[in-house]
Amino acid sequence: KTKFMARTLLEKWSQFDTLFASIIILDLFSITSPVSKFLQSDSIDFLRAWRSIETLLELVSKKRNEEHYTKLYNKCKLFAQKLNTFFIDEPLLDFQDNFVSKRISVKKNPGELSNDEVKTLSPFKKTRATYFQILDTVKMSISERFVPNKELLMDIAWLDPSKYKEIVNLSLEKLPSNLLNKLSKLAGVDRKTLFVELKQFAEQYSSFSVTTRSVNCEHNVRETIDTEDDVAAIKQLKCGDCFPKVYQILHEITSKYDLFNTLYLTMKYVLVLPCTQVSCERAFSKLKILKTKLRSSITQEYLEP
């Protein structure tokens, strides 16, 4: 029985369909894995998380074309040929280097004079349609998870230093009705006050960044990814134009001169927003170290620091 199961498994793995499915999965993982590791880093903020998701969606869209599908197909054929060359002395190993055509017979109905029709499916075209469907499902899954917070993300984007030039040119009278609306409600601050302070801060940001003490932003993405190609796959914010530095500047100004209090509270709220479920899951994982089956009677009073 074990021998039969092993041979059956070997036959399945030697089929071109299985090899091609593996190539497709590896190709998808090449762009999703770096983003996944990036989202699990400790110092990531909401805006940088959204930018990495936008980049991921762009990369997935670029793969949805005939040219890339053909490239994967040729790559799989070459891989199968190399496997056959490598296992040339193994008679049981014979990897398929192309799709196997399947024939479907359409039987005639009673009373029909025509002969049975035989249709030959094109595995290449059929698998291409499946490949496109997989990419569409991946994009839809990513969008459904992150897009519902798009209104909040658009508000947070205005706090980014790259938007300060646009903020300076806006006036309170011509302020769009939806600008900073969601963020101000969640942070519990006045929307107009937030805009006024943000505009004043944006006008003086260049001087603030020079006069305040240097900030060491500990959000090096290279610690969370493996290769240089992974770094290029993610749009990063340069150190010095990130939320941690803006927050530290605001913290220093607010503590010394009691200015930009509303903007400071809003920035603090943005930085503590959980981008993913990673931080929550880490908390529960650490809780299991303390509250085990043998310590199940520990109450909340003793668990609090």
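Residue numbers here run from 1 along each chain, matching the order of that chain's written sequence. Reporting of local features is limited, given that this is a predicted model, to residues whose pLDDT is at least 70; pairs of side-chain atoms are given and counted only at 80 or more, and all residues count toward the totals for whole chains, interfaces and linings. In computing side-chain properties, one takes all heavy atoms of the structure into account and sets aside hydrogens as well as water.

## Considering helix 5 (residues 123-146)
Formally: Working definition: helices are DSSP H or I runs of at least four residues, strands are E runs of at least two. Numbering for both runs from the N terminus. Here the expected span of a helix is defined as 1.5 Å times the quantity of residues minus one. The buried label applies to any residue whose accessible area, calculated with a 1.4 Å probe on protein chains only, is under 20% of its type's maximum; exposed applies above 50%, and partly exposed to all values in between.
An ideal rise of 1.5 Å per residue puts 34 Å on 24 residues; helix 5 measures up with 35 Å between its terminal C-alpha atoms. If you check which residues of helix 5 are buried, you get Pro123, Thr127, Tyr131, Phe132, Leu135, Ile142 and Phe146.

## Side note on the pattern of salt bridges
Definition in use: Salt-bridge detection follows one rule: a side-chain nitrogen of Lys or Arg within 4 Å of a carboxyl oxygen of Asp or Glu.
Summed over all chains, the structure comprises five salt bridges. Glu166 is the partner of Lys163 in a salt bridge, and the nearest nitrogen-oxygen pair spans 3.9 Å. The exposure class assigned to Lys163 is partly exposed, which follows from its relative accessible area of 25%. We classify Glu166 as partly exposed; its relative accessible area is 41%. In this structure, Lys256 and Glu252 form a salt bridge, with 3.5 Å as the shortest nitrogen-oxygen distance. Separated by four residues within a single helix, Lys256 and Glu252 lie in helix 12 (residues 243-257), roughly one turn from each other. The class for Lys256 is exposed, based on a relative accessible area of 55%.

## So, the confidence of the model for the protein chain
What counts is decided by this rule: Predictor confidence is given residue by residue as pLDDT, running from a minimum of 0 to a maximum of 100. Only heavy atoms matter for contacts: two residues are in contact if any of them lie within 4.5 Å across the pair.
For the protein chain, per-residue confidence averages 78 on the pLDDT scale, and residues scoring 70 or more make up 77% of the total. Taken element by element, the predicted model of the protein chain shows its lowest mean pLDDT in helix 11 (residues 228-232) (47) and its highest in helix 4 (residues 66-86) (91). Counting contacts from residues 218-238, a segment whose pLDDT is below 50, to residues more than four positions away or on other chains yields 35 contacts.

## Describing the packing of aromatic side chains
For clarity, the cut-off: Centres within 6.5 Å make a pair out of two Phe, Tyr or Trp rings, where for Trp the six-membered ring is used; the pair is then stacked when the planes are under 30 degrees apart, edge-to-face when over 60, and tilted otherwise.
Inspection of every chain in the model, using the stated rule, returns 18 aromatic pairs. Both rings, one in Tyr164 and one in Phe201, keep their centres 6.0 Å apart while their planes meet at 85°; by these two values the pair is edge-to-face. With Tyr164 in helix 7 (residues 164-169) and Phe201 in helix 9 (residues 191-203), the pair connects residues that are 37 residues apart, well separated along the chain. Judged on exposure class, the residue Tyr164 and its partner Phe201 are both buried. Measuring from ring centre to ring centre gives 5.2 Å for Tyr164 and Tyr205, while their planes differ by 80°; the resulting arrangement is edge-to-face. Of the two residues, Tyr164 sits in helix 7 while Tyr205 sits in helix 10 (residues 205-211), which places them 41 residues apart along the sequence.

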